[in-house]
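Reading the structure
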Amino acid sequence: MSEKLVLNSEQEQQKRAIYESLSPRRKRFIDRIGYDKWDPFQEPNDPRKEKTDVTKRTSGQLFKEFISEMNAEEKSNAFKQGVLEMCKGLVNRDDKVKGMYFFAVWYNRLLEKEGHSIDEDEF
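Below you will find a few notes about this structure.

How each quantity is defined
- Just so you know, the residues in each chain are numbered from 1, in the order the chain's sequence is written.
- Where totals are concerned, whole chains, interfaces and linings use all residues; where local detail is concerned, this predicted model gives features only for residues with pLDDT of at least 70, and gives and counts side-chain atom pairs only at 80 or more.
- Just so you know, side-chain values use all the structure's heavy atoms and leave hydrogens and water out.
- Partly exposed residues are those whose accessible area sits between 20% and 50% of the maximum for their type, while under 20% is buried and over 50% is exposed, using a 1.4 Å probe and protein chains only.
- Should a side-chain nitrogen of Lys or Arg be within 4 Å of a carboxyl oxygen of Asp or Glu, the pair is scored as a salt bridge.
- The aromatic pairing rule takes the rings of Phe, Tyr and Trp, using the six-membered ring of Trp, and pairs them if the centres are within 6.5 Å, calling planes under 30 degrees apart stacked, those over 60 edge-to-face and the rest tilted.
- Counting from the N terminus, the helices are the DSSP runs of H or I reaching at least four residues and the strands are the DSSP runs of E reaching at least two.
- Here, a charge over a ring is recorded when the distance from Lys NZ or Arg CZ to the ring centre is within 6 Å and its angle to the ring normal is within 35 degrees.

**Some remarks on unusual backbone geometry**
Phi is positive for K56, which is not a glycine, with a value near 70°. For N71, which is not glycine, the phi torsion reads 50° and is therefore positive. Overall, N71 belongs to the exposed group, its relative accessible area being 61%.

Structure follows, in structure tokens:
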């Protein structure tokens, strides 16, 4: 919430009227956060707003781009499901997926350091 709202006189009258029409319990809540900080005109968050990762891609965009670049159209459903779960987890900043990602990066470095590599067919 903002520190102090700047409202014109008409908005301030509407705000006062809304406050006066509230139940005592709701008034106590507003008093706790501060009447000056309370914004009865605040727009609700849009639940349909799609989440994106740091590259501004949605999980669906990441999935499609990965599958097409890896020529993975013919991979198994389990493979694709794993990719989709990773995409969703990265976009949603899921700790489980974060752990799997950091492990995969660490494991790749370990393989490189020890002179190993994993081909797609070997895995």
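**Description of the pattern of salt bridges**
According to the stated counting rule, one finds three salt bridges in the structure shown. A salt bridge links K27 to E20; the shortest N-O distance between them is 3.8 Å. Overall, E20 belongs to the partly exposed group, its relative accessible area being 45%. In this structure, E65 engages R57 in a salt bridge whose closest nitrogen and oxygen atoms are separated by 2.8 Å. A residue is classified by how much of its surface remains accessible, and E65, at 32% relative accessible area, is partly exposed.

**Some remarks on the packing of aromatic side chains**
All chains considered together, the criterion is met by seven aromatic pairs. Between F103 and Y107 the ring centres are 5.8 Å apart and the planes differ by 15°, which places this aromatic pair in the stacked class. With a gap of four residues between them, F103 and Y107 both fall in helix 5 (residues 95–113), about one helical turn apart. Looking at Y107, the relative accessible area reads 34%, which means it is partly exposed. Ring-pair connections join several aromatic residues into one group, and the members of that group are Y19, Y35 and W38. Of note, K27 hangs over the ring of Y19, and the distance from its end group to the ring centre comes to 5.6 Å.

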